[in-house]
Amino acid sequence: MTSICIPYLTSEGQTAKIAEYIADLVIHHDLEAQPVDLKEAPDVDLTAYDGVIVGASIHRGKHDKRLGEFVERNRDVLARIPSAFFSVSLAAHGDTGEAEKYLEDFEQETKWRPSKVALFSGALLYTQYGFLTRHLMKRIAKTKPGELGTDVSRDYVYTEWDGVRRFTEDFLAELVSP
Ligand SMILES: Cc1cc2nc3c(=O)[nH]c(=O)nc-3n(C[C@H](O)[C@H](O)[C@H](O)COP(=O)(O)O)c2cc1C
């Protein structure tokens, strides 16, 4: 059966949620899906899969450096099987120029050109952050475009699940009939 690997890097959990959502969609299409937390399993063997959807979030203007290491280690297989990448950030909500810049920097650094890329809005999880991060994020939310929430007694999730679904279904359609 066609099997899709979904390796991801997450700090506060939103990219993991998106990876799980993608996995559910893949399974709903009668295919196999395996979400993989790259912090726990950095050496996942991609050769066992028919396609890969990689996800990572942005902190302080960059993806986790383990993402570049993962691409480097798997360069050959990523060039051989259909692959897609999604980047999760707050900039994707209202500041797409900035979110595209993160992606361009990443593509420049890794020279990896996935067949499909997407920018997904992440979350502001004030109730999970420590004191300093909470106040830093509130300050950033006030100044950045996109009318980000500033009530630190609650969380804000900006991920557009319909967009995640379209991205996944487009990838699967190309995989099944390239
Ligand atoms: C300390 C910190 C720094 C962040 N820096 C950025 C940033 O530079 N640009 C941006 O667009 N989003 C930034 N974000 C927002 C995250 O990308 C967003 O919260 C995302 O949902 C995190 O995904 P994760 O939970 O999978 O790690 C930052 C978030 C935190 C907590």
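Here the structure is a predicted model, which is why all the values come from computation and not from measurement.

Peer 1: Any details on the pairing of strand E1 (residues 3-9)? Residues and values, ideally.
Peer 2: Where burial is concerned, most of E1 is hidden: seven out of the seven residues are buried. By the alternation rule, side chains of E1 split into Ser 3, Cys 5, Pro 7 and Leu 9 and Ile 4, Ile 6 and Tyr 8, which are all buried. In this view, the connection linking E1 to its parallel neighbour strand E2 (residues 32-37) by way of helix H1 (residues 14-28) has right-handed handedness. Bridging between E1 and strand E3 (residues 51-59) involves four bridges; their strand directions are parallel. Note that in E3 the partner of Leu 9 across the bridge is Ala 56.

Peer 1: Can you lay out the site of the ligand for me, pointing to particular residues and giving the numbers?
Peer 2: Near the ligand, the surroundings consist of 21 residues, among which Thr 10, Ser 11, Thr 15, Ile 58 and Ala 123 are the closest. A distance of 2.7 Å separates an oxygen atom of the ligand from a polar backbone atom of Ser 11. A distance of 2.8 Å separates a nitrogen atom of the ligand from a polar atom in the side chain of Tyr 102. Protein chains shield 92% of the accessible area of the ligand, which is 630 Å² for the free molecule. For the shell around the ligand, the secondary-structure elements that each account for two or more residues are H1, E3, strand E5 (83-89) and helix H5 (131-143). Among the elements that line the shell around the ligand, the one with the most residues is E3, at three residues.

Cut-offs applied
Residues numbered from 1 in each chain as written. Predicted model: local features only at pLDDT ≥ 70, side-chain atom pairs only at ≥ 80, totals over all residues. Heavy atoms only, no water. Buried < 20%, exposed > 50% of the residue type's maximum accessible area, 1.4 Å probe, protein only. Helix = DSSP H or I, 4+ residues; strand = E, 2+ residues; numbered from the N terminus. Right-handed = clockwise from strand over helix to strand, strands pointing away. Pairing = 2+ DSSP bridges. Near = heavy atom within 4 Å. Polar contact = N/O pair within 3.5 Å; in protein donor to acceptor, adjacent residues only side chain to side chain. Areas by Shrake-Rupley, 256 points an atom, 1.4 Å probe, with all protein chains shown as cover.

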